[in-house]
Amino acid sequence: MARLRPLSLLVSLLSLALVYSLYHQYSLPPSSPPLHPLPSDCPSRPDLNDILVILKTGVTESRAKVPIHLTTTLRCIPNYAIFSDFIEPLSPSLATHDVLSSLSPNLLATNPDFDLYRRVRDHGPAALTPADLNPDINTPIGKPNNPGWKLDKWKFLPMLERALAVKPDAKWYVFMEADTYLLWDNLLPWLRRFDSRKPWYLGNQMQIVDAIFAHGGSGFILSRPAMVKAMERWKLSADAWETAVAEHWAGDCMLGLLLEDSGVELTWSWPMVQIAPPGEMDYFSRGYEKRPWCHPAVSFHHMDERGIVELERFEREEGGKGKMILYRDVFLKMVRPFVQAVRQGWDNLAEGEGVPVKSFAACRGVCSREALCLQYAYNETAGECRTSKVLMLGRGAGDVASGWMTERIDAVADSLGECRTISWIG
Ligand SMILES: *[C@@H]1O[C@H](CO)[C@@H](O)[C@H](O)[C@H]1NC(C)=O
């Protein structure tokens, strides 16, 4: 019997070695210290120690749109960085990064997209012209007449390398823009459902031709292995990628193509992340067999300063109750109370084709005769009535009056129910 002992010793040594090697294969180096000290009243969210948040902006909007985030969305985030096209201080302790500086010198020196970049780099933001600051109208292919917008697509690929340099040991890299709002207490439990040691690319799915990618403004998330794979792939043929970006208009789409090329698949994350602000979202919608209603609200987009402040207050009041904020809750608290029979100086964005009618009351009549009509908007200048089966709160507009079929709306909301179970992607 005694002769068996060396064998069992060997077995236990082997299993010890196995456990040890597994441990080392999967463990990350210990977390680096936080990049930003947190105010003492911030809630404890240990997961954030392993997350880097990247807010992407540009010199044409940074001073107007980023500071509000420092006191709201980013206030209690220990690790974040502001990626831009110009280095400038946004607070006494915070400067933006120029993520374009690592692109090839020839591109930076000669490509017309970089005209604004060269001017501001050499002479500072004072060199911005009114044309640079023109907000431009958003078209199906973006804002081709806005120099800041044309520069923006170039940031997506070099952003990966810079983010890995800023915090090499993060498990997750969360990307947002200056008009994105993220609800951290919903994002963190969502991320916990995924194994961060695997490559993940989470975001609001969009399609351009046959490319599927995560929409930038809705916010998207990459795990560290996904970042590393994409960055290595990019480094293999950086020149070819620069040519490809030059020929395309959407930077988020190019990042999607790079990730696809790297073997990282997009996890279609709508409706957890949204492309619109709370007042312009369709809470009753259905897409890809899913409805927003019982999903936790993770992001909103096209947020202005006022919208950010309102949402932050809502989140503080509602989130404190130890209950996850679902899109249903956002609807009931931030939308439904403002849906009235009549709202003057307001456009609820009813999307139907305008029909000529004589009065607001006649417009209401048109809607009430259509069984599924939920809202209508009457343009007083044009004498035009738009109706819609899609409910939306909308926004202020001088010469438009809006109305909603509140009983029908409440019936739809009731039919969607109370969300006894929470829906998730992943
Ligand atoms: C209302 O109609 C007029 C005339 O067509 C147009 O100029 C105006 O922009 C419209 N208002 C809104 C808010 O769409």
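Rules of the game
- Residues numbered from 1 in each chain as written.
- Predicted model: local features only at pLDDT ≥ 70, side-chain atom pairs only at ≥ 80, totals over all residues.
- Heavy atoms only, no water.
- UniProt positions renumbered as here; feature names shortened; annotations may be inferred.
- Salt bridge = Lys/Arg side-chain N within 4 Å of Asp/Glu carboxyl O.
- Helix = DSSP H or I, 4+ residues; strand = E, 2+ residues; numbered from the N terminus.
- Buried < 20%, exposed > 50% of the residue type's maximum accessible area, 1.4 Å probe, protein only.
- Contact = heavy atoms within 4.5 Å.
- Near = heavy atom within 4 Å.
- Polar contact = N/O pair within 3.5 Å; in protein donor to acceptor, adjacent residues only side chain to side chain.
- Nonpolar A, V, L, I, M, F, W, Y, C, P; charged D, E, K, R; others polar.

Under the annotation held in an unreviewed UniProt entry, the protein carries the name N-acetylgalactosaminide beta-1,3-galactosyltransferase and is attributed to Aspergillus heteromorphus CBS 117.55. Taken directly from UniProt, the Subcellular location (unreviewed entry) text for the protein runs: "Membrane".

(A) Spatial organisation of the pattern of salt bridges. All chains considered together, the criterion is met by 26 salt bridges. Residue Asp185 is joined to Arg45 by a salt bridge in which the shortest nitrogen-to-oxygen separation is 2.9 Å. Here Arg45 lies in the loop between α1 (5-26) and β1 (51-56) and Asp185 lies in helix α9 (residues 184-191), a separation of 140 residues in the sequence. Judged by its relative accessible area of 17%, Arg45 falls in the buried class. Between Asp152 and Lys155 there is a salt bridge, with its nearest N and O atoms 3.1 Å apart.

(B) Looking closely at the environment of Arg343. Along the chain, Arg343 falls in strand β14 (residues 342-347). Taking the C-alpha atoms as reference points, Arg343 and Ala377, 34 residues apart in sequence, are found 9.3 Å from one another. Every residue in contact with Arg343, bar those within four places of it in the chain, is listed here: Phe338, Leu393, Val400, Ala401, Ser402 and Trp404.

(C) The site of the ligand, seen in detail. Taken together, Asn379, Ala382, Ala397, Asp399 and Val400 form the complete shell of residues around the ligand. One of the side-chain nitrogen or oxygen atoms of Asn379 is found 2.3 Å away from an oxygen atom of the ligand. Side-chain polar atom of Asp399 to a nitrogen atom of the ligand: 3.0 Å apart, as the coordinates give it. Among the residues forming the shell around the ligand, the class breakdown is 3 nonpolar, 1 polar and 1 charged.

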